[in-house]
Amino acid sequence: MKIRGLLMALALASLATAPGLAEEHPGRASIEASGYNGPSTCEECHPGKAKELLSTVHWKHASPVTNVDGLDAEKEYGMFNRIYTMCNGNDVVNNLKEIPVNPETGKSKFTGCNTCHPGNHLSDVGSTGPEAENAIDCLVCHSSAYDFTKRVPFKDGKGQVVMGQDRSTAAALAVGRPAAKNCMVCHERAGGGIYVKRGFEFTRENDVHAAMGMTCVDCHKAQNHKLPTGFDPNTWANDGLRVACSDCHGAEPHADQDYNRHTAKLACQTCHIPRTGGTMAKDFTRWEQGADKFYEPGTIQAEANSTKPVYAWYNLRVRNTPHFIGPDGSRNDGTSKIYPFKVYQGKAFFDKKSGQLLSMDFAPPMATGDVLAGVASAASTLGIKDYEPTPGWQTLYFGSSHLVTKENALTCFQCHTVGGALNFKDLGYSDAEVAKLTNPETYVTKVLEKQKEEW
Amino acid sequence: MKKRTLVLAVATLFAVCAFSMTVLAQSAEMKLVGVITKIKIAGPAATTATAILKDTKTEKLVEIVINDELTLDKFKDHRIVEGDEIRCKYKSVDGKNVSNYFRKTAGC
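Keep in mind that this is a model prediction, so the values were computed, not measured.

(A) Quick peek at the overall build of chain B. For chain B, the helix and strand inventory stands at 2 helices and 5 strands. Of the regular secondary structure in chain B, the N- to C-terminal order runs α-β-β-β-α-β-β. Taking all 108 residues of chain B together, 31% fall into the buried category. Counted over contacts in chain B with a minimum sequence separation of 6, partners at least 24 positions apart contribute 49%. Of the roughly 7,100 Å² of accessible surface on chain B, 62% is carried by carbon and sulfur atoms.

Here it is in structure tokens:
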């Protein structure tokens with residue numbers, strides 16, 4: 001264990017000195033002489049990388065999904081085409097566009113789910129070929145000097161909506177491995193606002209990895225631009241690579257074997273991520289008018305890092321029904337562990353005839369507040385002719401895998417006490433088992449010894 | 001002697017009250033939603049900046065001092081620009097409105 005700790009410290013020390021955004025990237029003289037011409041400049045030293053990116057989730061916003069109930073194995077799923085009540089739209093129905101004018105102000109604005117897509121919108125989500133390769137915005141992920149005044153949508157001479165890019169030499173001269181801020185440009189404002197979706201701040205104060213100077217890609221280590229991800233029940237698309245705490249920390253990460261025994265039934269996150277936050281509920285059937293006179297879905301938002309998670313058994317398969325998307329699993333299936341989740345509830349329109357959740361094009365309700373016009377527009381885009389919209393709620397369980405703490409991790413008596421962090425009854429334990437699990441007998445000697453050591 | 005003790009006690013009580021009031025005045029957190037009308041930041045090495053927000057409820061202009069690294073970085077690379085709507089919490093410290101929460105209201 002000590003050796004592992006030493007190795008970890010050395011690895012982190014080497015990360016701190018590894019070539020990163022702060023250090024000079026080779027090829028400076030060439031870029032200074034010729035300027036930056038988009039991906040073709042990068043390809044001079046990194047051939048094939050543009051084409052490689054086109055096959056990833058970051059470009060396609062979709063992938064085959066094998067762990068979610070009720071999906072077609074022949075199709076790809078993701079932000080491109082998914083409908084759920086965190087977003088109630090997707091790239092298809094909410095393609096980046098200029099919305100109708102607001103009748104009170106006469107003003108319009110650009111909006112769309114694919115504003116974060118790293119292309120230029122002309123070559124959009126899932127596009128392929130040389131034009132798509134040349135449309136990639138390499139620098140938005142790789143430059144530390146990107147000027148975001150340039151990354152805004154505008155209409156070109158043909159009236160097409162284009163997403164601008166900073167392709168300046170200055171931005172190109174600051175390339176390197178993505179820093180946390182490059183990722184957070186998009187990932188902190190997903191779902192309709194800052195820290196709305198998953199409700200955590202990846203900062204030194206809140207995450208032990210951030211405090212050690214680590215960045216997102218230290219765990220989500222890209223392989224040929226494919227990024228490993230975990231098993232959040234609401235992150236379906238994946239690049240076929242997975243990341244887990246045990247990749248770095250091993251199967252027995254604690255010096256204390258009592259803690260190590262818990263890892264058979266508890267995910268690391270259960271003890272080490274005791275907080276969550278962000279939006280708890282949204283109502284897409286009721287849009288609220290803002291100061292700019294445009295409308296936004298009614299949103300109830302807790303602060304980031306401010307709420308307690310909900311715990312459930314999870315076997316990494318996802319139950320997917322119109323009114324519930326969340327973990328599958330049970331105490332007795334032999335593969336599940338207890339994980340923490342952020343529970344979110346969203347209200348939107350369901351089709352009374354099919355029982356399925358309907359999607360919404362945000363352009364009409366954003367301009368005028370007319371939510372049913374949004375449903376009608378989305379239905380038209382999707383070719384749905386016969387439907388009957390009726391309001392209803394959907395419950396979503398979001399995975400909680402960031403905001404990791406060592407100092408404030410749950411300890412023996414925070415769970416094994418009456419009214420503790422885990423509700424053993426809800427987790428499937430009998431009354432007799434709950435009585436045993438919440439009796440100090442199981443840990444009293446250990447905790448008393450620990451108190452002596454600490455004080 | 002008694003008089004001196006009394007004076008001392010009153011003075012102490014007055015000092016404690018004054019200190020408490022100062023602490024209370026400093027700790028009162030205010031919040032607003034407003035549109036940025038002006039950002040003043042002194043170059044890429046700046047460790048502080050000011051932003052003027054127009055309160056959407058009162059239409060009053062409020063000058064906010066921003067010291068946190070993350071927000072300053074967003075000013076520097078223009079992830080936050082004039083015209084953006086901001087949700088802000090701040091405290092009055094030495095006569096200045098110092099931000100402890102400064103986030104764009106808009107998302108994707």
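Continuing now.
(B) Quick look at the pairing of strand β8 (residues 295–301) of chain A. All names here are of chain A. Looking at chain direction, strand β7 (residues 279–289) and β8 are connected through 7 bridges and run antiparallel. Counted as the bridge partner of Q289 is Y295 from β8. Counting the residues between successive antiparallel strands, the hairpin from β7 to β8 contains 5 residues, one of them, K293, with a positive phi of roughly 75°.

(C) Layout of unusual backbone geometry. Residues and elements named next belong to chain B. Backbone geometry places H78, a non-glycine residue, at a positive phi of 65°. Despite not being glycine, D94 shows a phi value in the positive range, around 50°. Its location among the elements puts D94 in the loop between β4 (85–93) and β5 (96–104). Judged by its relative accessible area of 71%, D94 is exposed.

(D) The pattern of salt bridges, seen in detail. All names here are of chain A. Overall, the coordinates contain 26 salt bridges over all chains when judged by the stated rule. Across the salt bridge formed by E98 and K155, the nearest N and O atoms sit 2.7 Å from each other. Note that E98 is positioned in strand β3 (residues 97–98) and K155 in strand β5 (residues 153–155), a separation of 57 residues in sequence. Given the relative accessible area of 37%, E98 is considered partly exposed.

(E) Spatial organisation of the interface of chain A and chain B. With 20 residues of chain A at the contact, the number on the chain B side is 17 residues. When chain A packs against chain B, the two sides together hide about 1,500 Å² of surface, and 50% of this comes from carbon and sulfur. Of all residues in chain A, K181, I194 and E303 of chain A give up the largest surface area on contact with chain B, accounting jointly for 29% of the area buried on that side. At the boundary of chain A with chain B, the tally comes to 5 salt bridges. For the pair chain A and chain B, the interface holds 8 residue pairs in polar contact (both at pLDDT 80 or more). Across the side of chain A that touches chain B, the residue classes tally to 7 nonpolar, 7 polar and 6 charged.

(F) Representation of a nonpolar patch on the surface. Taken together, the side chains of F80, V92, L382 and I384 of chain A define a hydrophobic patch exposed on the protein surface, amounting to about 270 Å² of accessible area. Assignment of secondary structure puts V92 of chain A in the loop between β2 (76–77) and β3.

(G) View of the nonpolar core. Residue and element names in this part refer to chain A. Of all hydrophobic cores here, the largest spans 37 residues; its most connected members are Y84, M86, W236, F284, W287, M360 and L396. Put simply, the parts of the chain that give this core at least two residues each are β7, β9 (310–314), β11 (324–327), β12 (337–351), α15 (363–368), α16 (371–382) and β13 (389–399). The greatest single-element share of this core, amounting to 6 residues, is contributed by β12. In this structure, I31, W59, A171 and A172 belong to the second largest nonpolar core, which totals 19 residues.

(H) Quick peek at helix α2 (residues 69–76) of chain B. All names here are of chain B. Of all the residues in α2, the buried ones are T71, L72, K74 and F75. Around the axis of α2, the buried residues are gathered within 160° of arc, so they sit on the same side. Where α2 is buried, its residues meet β1 (29–41), β2 (49–55), β3 (61–66) and β5. Looking one or two places after α2, you find H78, whose phi comes out positive at around 65°.

(I) How the structure looks around the environment of E441 of chain A. If you trace the backbone, E441 of chain A turns up in the loop between α18 (431–437) and α19 (444–454). In this structure, the C-alpha to C-alpha distance between E441 of chain A and H416 of chain A, residues 25 residues apart in sequence, is 9.7 Å.

(J) Focus on the packing of aromatic side chains. All names here are of chain A. Under the defined criterion, the tally for this structure stands at 14 aromatic pairs over all chains. Centroid distance F284 to F362: 5.9 Å. Interplanar angle 10°. Geometry classified as stacked. Of the two residues, F284 sits in strand β7 while F362 sits in the loop between β12 and α15, which places them 78 residues apart along the sequence. Note on F284: relative accessible area 1%, which makes it buried. Residue classification places F362 among the buried positions, given a relative accessible area of 14%. In textbook terms, an aromatic cluster arises when at least three aromatic residues are bridged by ring pairs, as seen for Y314, F324, Y339, F341 and Y397. Sitting over the ring of W236, R82 keeps its end group 3.7 Å from the ring centre.

(K) Region of the structure containing the domain arrangement of chain A. Residue and element names in this part refer to chain A. In terms of domains, chain A is made up of domain 1 (2–410) and domain 2 (411–455). Distance from the C-alpha centre of domain 1 to the C-alpha centre of domain 2: 36 Å. Every contact between the two is made by 13 residues of domain 1 and, on the other side, 13 residues of domain 2. Of all residues in domain 1, Y259, R331 and L410 give up the largest surface area on contact with domain 2, accounting jointly for 47% of the area buried on that side. Counting across the interface, domain 1 meets domain 2 through 3 salt bridges.

(L) Here's a closer look at the pairing of β9 of chain A. Residues and elements named next belong to chain A. Counting buried residues along β9, 4 of its 5 residues qualify, which places the element largely inside the surrounding structure. Sheet analysis places β9 next to β12, joined by 5 bridges and oriented antiparallel. In the strand pairing of β12, W313 is matched with I338.

(M) Broad picture of the side chain of N120 of chain A. All names here are of chain A. As for its placement among the helices and strands, N120 is situated in the loop between β4 (110–111) and α6 (130–135). Judged by its relative accessible area of 18%, N120 falls in the buried class. Separated by 2.8 Å, the side chain of N120 and the backbone nitrogen of S123 make a polar contact. In this structure N120 touches A135, V161, V162, M163 and Q165, once residues within four positions along its chain are discounted.

Rules and cut-offs
Residues numbered from 1 in each chain as written. Chains lettered and ligands numbered in written order. Predicted model: local features only at pLDDT ≥ 70, side-chain atom pairs only at ≥ 80, totals over all residues. Heavy atoms only, no water. Helix = DSSP H or I, 4+ residues; strand = E, 2+ residues; numbered from the N terminus. Buried < 20%, exposed > 50% of the residue type's maximum accessible area, 1.4 Å probe, protein only. Contact = heavy atoms within 4.5 Å. Areas by Shrake-Rupley, 256 points an atom, 1.4 Å probe, with all protein chains shown as cover. Pairing = 2+ DSSP bridges. Salt bridge = Lys/Arg side-chain N within 4 Å of Asp/Glu carboxyl O. Buried area = accessible area lost by both parts, 1.4 Å probe. Polar contact = N/O pair within 3.5 Å; in protein donor to acceptor, adjacent residues only side chain to side chain. Nonpolar A, V, L, I, M, F, W, Y, C, P; charged D, E, K, R; others polar. Patch = residues over 30% accessible without salt bridge, like charges linked within 9 Å, V, L, I, M, F, W, Y side chains within 5 Å. Core = buried A, V, L, I, M, F, W, Y, C linked by side-chain atoms within 4.5 Å. Arc of directions from axis to C-beta. Phe/Tyr/Trp six-rings, centres within 6.5 Å; stacked < 30°, edge-to-face > 60°. Lys NZ or Arg CZ within 6 Å of the ring centre and 35° of its normal. Domains from an automatic or database assignment.

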